[in-house]
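Here is how the chains run, residue by residue.
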Amino acid sequence: MSNGVIGQTGQPTFPAAPLVGQQGRFWTRARREGLTGWLLVGPVMVYYAVMGLIPMGAVVVLSFVRWTGFSGSPEWVWLHNYKLLWDFPLYRDVFVHTLYIGGSILLASLAISFFIALLLNARIRGRGIYRTIWYLPAVVSFAITSQMWNAFLDPTNGLFNTILRWAGQPAINWQLSAFWMTFWIIVLSTWKGVGGTMIIFLAGLQGIDPTLYEAGKIDGANRLALLRYVTLPSLRPVTVFAVISGMLGAMQIFEPVQLLTRGGPFDSTTVVVYSIYKNAFLNSSFGLASAMSVVFALLCLAFTVFQLTVVGRRTD
Amino acid sequence: MSRVLRILASLVVLVSVLAGSARPFHASTAAAAAKKVLVMTLANPYVDPAIYLNDKTKKTDPADYSNAQLTKRIFAMFYKMHPDYVIKPVNWGWSDALRQKILLNVAAGTGPDVITGEDFFPEFARDGILVPVELGPLQKEIAPATLSVGMYDGKTYAVPAESGIFELFYNKTLFKQAGLDPNKPPATWDQWLADSKKIAALGHGISGTATEVNTGLGASFRLAPFMRQVGGDFTSKDGMKITFNSPGNLKAFTFLRQLTATQVPGLSSATDEGKWFAAGWWANKAGFVVDGPWEIASSQQFKLNFGVAPLPVAPGGHPANVVVGNQMFAVMKASKNQQAALDLVRIFGTEAASRLNYKYTGRLPINLNVLNNDVMKAGGPISVFAEGLKVPGITGLPAYPANPANIWDIFYNLQVAALATNQPIANLLATAQSNAEAQLAQ
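Residues numbered from 1 in each chain as written. Chains lettered and ligands numbered in written order. Predicted model: local features only at pLDDT ≥ 70, side-chain atom pairs only at ≥ 80, totals over all residues.

Bringing the overall build of chain B into the picture now. In terms of regular secondary structure, chain B is built from 19 helices and 12 strands. Taking 22 Å as the expected radius of gyration for a compact globule of 442 residues, we find that chain B reaches 25 Å, a close match to that expectation. Referenced to the eigenvectors of the C-alpha coordinate spread, the extents of chain B come out at roughly 85 × 50 × 50 Å. Looking at chain B as a whole, 49% of its 442 residues qualify as buried. (Helix = DSSP H or I, 4+ residues; strand = E, 2+ residues; numbered from the N terminus. Rg over C-alpha atoms; globule rule 2.2 N^0.38 Å. Buried ≥ 20, exposed ≤ 12 C-beta atoms within 10 Å, placed from the backbone.)

The following block contains the structure:
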């Protein structure tokens, strides 16, 4: 007969023996593991604080001052910079341009990349090559693609006007047309961004359980019905991610504007990030640029929260 | 497993600490290490001699090689005065890119000792990041127009190394084809417009005058002389008031719109100057173009049969111009080598350095002795520019006291709408005036 208590299973149970050397020591196992954890995440947290949180806080503070950013002392002006944003159509319009340029890029790239992902998910010969071709623009820098586009849009010897002349049509003065330059900014950014979003959709498509399609087919669903009732609902979590990351990317459009139009013609392509750059570094108005950054960050945050709560809830 | 994690974590911390405390290692020769370093930004035609003179592949462009020789000789003049220094040239580009990089370095406290540039010196002086340059007797040796662009509040903050104004280039081949006398370039606006129309009538994609119509500073530069000829300008003399909406500007824009109509539509709508020159002037497809002294070498390179004449003058107007292509050098207040930096900057204004610049680049020198002797005696197209520089009251483009980029954008919108559309110019001027005033009042 053992000294132990008979448990419900009929097996004797004993009080847990203390770990060797645990009693009376500071470096318990839990503490050691805790320290290891902090040591692992510590550098990243320090990095994030120094490179992320502190600058973010500084931008908020700077939005309440008038300062060139490189000389003299900042002057506290309370909400003056925010009032400027509200009062001047020049600044208000920048947010409107960003919404419709960014929105157009987002919608176009989501639709096109989803369609291409569907095609490239099919079992066709050489699909790896097609995937590479579609992804290629994503890995080429905007500096290069913008130069390419500049050459296409050259008013006299550019590709697009050469094609128009060849087709017997009059050449178009692209650079001086607000409509056309906005259009080309959207086209270039969409073309460049499609590859990345396509990969996300492709990954989502490949993660769909094939038995769902088989079950659908047994129930008599045609291709369109399978797309509507199997593919689209299954892709919803991926779509939420693609929409949020795509929206943040599209709203922060800068390089094509800087390299193709510099915000023109007639300010039609001046978007928020370009305007922040211009006010900070060309107008030496760090306060106004900071106020613009704060408002823009809040807008992006609001969009993200909205999408997560409305679209994301449906996903659950 | 936990031991592995602990070792890994310790390594991460160790590497972070070491990386944070480490100083960048610069391999340098013992001789260079013993000398003080003077950092200066350079831009064409001044280039880092070490790059182009030591090119063993022999693929260096002849112009770059020549520019490197020029720079090396200027540096040698400095080393004679300061043998204890070594100059470290850096190329930070030009215009907005250069401006931004300088400001970022000022903000970070890592600015160079000497900066180069063209149009931002009064603004930088006003913001207190430059030190004034005492030129002494040299002040009177430098062409006043070229010096004016680097002045603020009556003090000199930047010294020019080379300069330019605009004159009229005309294509003698197209003159002959249009039945015009190639030795009789136009002297008035009316004559210029009439000649342009005759040349444009040749057809085959030929423009009468290639006028710059786009949303860039180059176009604004080219408008300035004509606005000023009839009493117009961008700002008041003290630079504190916007004067877009003036009778002079209305007159100038009205004429320039007519002149633009003699150009193939869209020729110059891209801001890349090289492209529209290549499609128009350099391709023998434009009767006239307004450009600076650097164009002489380019036109020769493209084997054009061309002439250079003073800019035609408006009826009732007077000769006027704008300082352009005026590369200057200034000393940063944060420089720890101010005395040496000031000596280096002053060298560019001397007769010897100016003569070297003229010899190696063929551009317009800034020293009056070189202008009046070497350039005028040599004659040819460059002497037209040297003569034009004597017109009193020539200055550069204005430095707006607030929101300069926004005010320039307003002017760019004005110039495009005024020259390339049929909207009433008076309305466009009034709108631009009120928008720019609002920016100035912020």
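There's more to say after this.
With that out of the way, let us pick up the overall build of chain A. Looking only at helices and strands, one finds 13 helices and four strands in chain A. Computed over the C-alpha atoms, the radius of gyration of chain A is 28 Å, more than 25% above the 20 Å expected from 2.2 N^0.38 for a compact globule of 316 residues. Expressed as lengths along the three principal axes of its C-alpha atoms, the size of chain A is roughly 105 × 70 × 30 Å. Counting every position in chain A, which comprises 316 residues, the buried fraction comes to 29%. Long-range pairs, those at least 24 residues apart, make up 65% of the contacts in chain A between residues at least 6 apart in sequence. (Contact = placed C-beta atoms within 7 Å.)

The subject of this paragraph is the domain arrangement of chain A. When the parts of a complex come together, some accessible area is lost, and that lost area is often taken as the interface size. You can read the domains of chain A as domain 1 (28-62) and domain 2 (78-315). The straight-line distance from the C-alpha centre of domain 1 of chain A to that of domain 2 of chain A is 33 Å. (Domains from an automatic or database assignment.)

On the side of chain A, 31 residues touch chain B, which itself brings 34 residues to the contact. Secondary-structure elements contributing two or more residues to the side of chain B that touches chain A are helix H1 (2-21), helix H5 (95-108), helix H12 (273-279) and helix H18 (404-420) of chain B. With eight residues, H18(B) is the largest single contributor of residues to the side of chain B that touches chain A. Of the residues belonging to the side of chain B that touches chain A, the class tally is 17 nonpolar, 12 polar and five charged. (Nonpolar A, V, L, I, M, F, W, Y, C, P; charged D, E, K, R; others polar.)

Right, let's talk about the domain arrangement of chain B for a bit. All names here are of chain B. Taken domain by domain, chain B consists of domain 1 (30-164 + 325-388) and domain 2 (167-320 + 400-441). Between domain 1 and domain 2, the C-alpha centre-to-centre distance is 29 Å. In this complex, domain 1 contributes 11 residues to the contact, which on the side of domain 2 involves 10 residues. Here the residues of the side of domain 1 that touches domain 2 are counted per class, giving five nonpolar, four polar and two charged.

So, on to the sheet that holds strand S8 (residues 167-171) of chain B. By definition, the strands of a sheet pair up through backbone hydrogen bonds, in either a parallel or an antiparallel sense. Residue and element names in this part refer to chain B. The strand order S9-S10-S8-S11 describes an open sheet built from four strands, whose pairing is mixed. What marks the edges here is a single partner per strand, and that holds for strand S9 (207-210) and strand S11 (306-309). Neighbour-to-neighbour, the strand axes of the sheet open up by a mean angle of 15°, direction not taken into account. Pairing geometry for S8 and S11, over four bridges, is antiparallel. Looking at the pairing, Leu168 lines up with Ala309 of S11. (Pairing = 2+ DSSP bridges. Axes fitted to C-alpha atoms, helices over the stretch in contact; angles between N-to-C directions.)

This paragraph deals with the confidence of the model for chain B. All names here are of chain B. With 91% of its residues at a pLDDT of 70 or more, chain B has an overall mean of 90. Residue range residues 17-28 is modelled with pLDDT below 50. Its contacts to residues more than four positions away, or to other chains, number one contact. Interface confidence in the predicted complex, given as ipTM, is 0.82; pTM for the same model is 0.85. (pLDDT = per-residue confidence, 0-100.)

Now for the environment of B:Gly287. All names here are of chain B. Relative to the helices and strands, Gly287 resides in strand S10 (residues 286-291). Along the sequence, Gly287 and Ala178 sit 109 residues apart, while their C-alpha atoms lie 9.5 Å from each other. Filtering out sequence-adjacent residues up to four positions away, Gly287 remains in contact with Tyr170, Asn171, Leu174, Asp195, Ser196, Ile199, Gly208 and Thr209.

Residues and elements named next belong to chain B. Running from N to C, H18 and helix H19 (residues 425-441) point in directions that differ by 175°, and their axes come no closer than 9 Å. Considering their axes alone, H18 and H19 lie roughly antiparallel with respect to each other. Here H18 contributes Asn406, Ile407, Ile410, Phe411, Asn413, Leu414, Ala417 and Ala418 to the contact with H19, which in turn contributes Ile425, Leu428, Leu429, Ala432, Asn435, Ala436, Gln439 and Leu440. For the contact of H18 with H19, a count of residues per class yields 12 nonpolar, four polar and no charged. (Parallel < 35°, antiparallel > 145°, perpendicular 65-115°, else oblique.)

What follows concerns unusual backbone geometry. Between A:Gly264 and the following residue, A:Pro265, the backbone shows a cis peptide bond with an omega angle of -5°. The amide bond that connects B:Asn44 to the next residue, B:Pro45, takes the cis arrangement and shows omega of 10°. The topology assignment puts B:Pro45 in the loop between strand S1 (36-41) and helix H3 (49-52). Of note, A:Phe266 is a non-glycine position whose phi angle comes to about 55°, a positive value. C-beta crowding within 10 Å serves as the criterion here: with 17 such atoms nearby, A:Phe266 is assigned to the partly exposed category. In this model, B:Lys303 sits at a positive phi of 55°, which is unusual for a non-glycine residue.

To continue, consider helix H10 (residues 236-251) of chain A. Residue and element names in this part refer to chain A. Under the 1.5 Å per step criterion, the end-to-end length of H10 is 22 Å for 16 residues, consistent within 8% with the ideal 22 Å. Among the residues of H10, those classed as buried are Val238, Thr239, Ala242, Val243, Gly246, Ala250 and Met251. Buried residues in H10, looked at end-on, bunch into an arc of 165°, giving them a common side. (Expected span 1.5 Å × (residues − 1). Arc of directions from axis to C-beta.)

Taken as a class, soluble globular proteins show a tendency for nonpolar side chains to be buried jointly. Residues and elements named next belong to chain B. Counting 177 residues, the largest nonpolar core has Phe121, Ala330 and Val345 as the members making the most contacts within it. The biggest single contributor to this core is H18, with 12 residues. Non-local contacts of Val345, meaning those with residues more than four positions away in its chain, are made with Val114, Val133, Val159, Phe329, Ala330 and Val331. (Core = buried A, V, L, I, M, F, W, Y, C linked by C-beta atoms within 7 Å.)

Before going further, it helps to examine the pairing of S10(B). Looking down a regular strand, the side chains alternate between one sheet face and the other. Residue and element names in this part refer to chain B. Among the six residues in S10, six count as buried, and that is most of the element. With four bridges joining them, S8 and S10 adopt antiparallel strand pairing. Residue pairing across strands places Leu168 opposite Val290, the latter belonging to S10. Where S9 meets S10, three bridges bridge the pair, whose relative direction is parallel. Residue Ser207 lies in a different strand from S10, and its bridge partner there is Ala286.

Let's shift gears to the environment of B:Pro381. Residue and element names in this part refer to chain B. Relative to the elements of secondary structure, Pro381 occurs in helix H17 (residues 381-388). For Pro381 and Val308, which are 73 residues apart along the polypeptide, the C-alpha to C-alpha distance reads 5.6 Å. Residues contacting Pro381, with those up to four places away along its chain left out, are Ile296 and Val308.

Residues and elements named next belong to chain B. Position of Asp343 among the secondary structure elements: in helix H14 (residues 338-347). Accessibility expressed as a C-beta count within 10 Å gives 17 for Asp343, which makes it partly exposed. Remark: the alpha-carbon pair of Asp343 and Met81, spanning 262 residues in sequence, is separated by 8.2 Å.

Attention shifts here to the packing of helix H4 (residues 127-139) of chain A against helix H7 (residues 178-206) of chain A. Residues and elements named next belong to chain A. Direction vectors running N to C along H4 and H7 enclose 120°, while the axes themselves pass 7 Å from each other. As summarised for this structure, H4 and H7 are arranged oblique, according to the angle between their axes. Classified by chirality, the crossing of H7 by H4 is left-handed. On H7, the residues that touch Trp134, Tyr135, Leu136, Pro137 and Ala138 of H4 are Trp191, Lys192, Val194, Gly195, Gly196, Met198 and Ile199. The residue makeup of the contact of H4 with H7, split by class, is nine nonpolar, two polar and one charged. (Left-handed = near helix turned anticlockwise from the far one by under 90°.)

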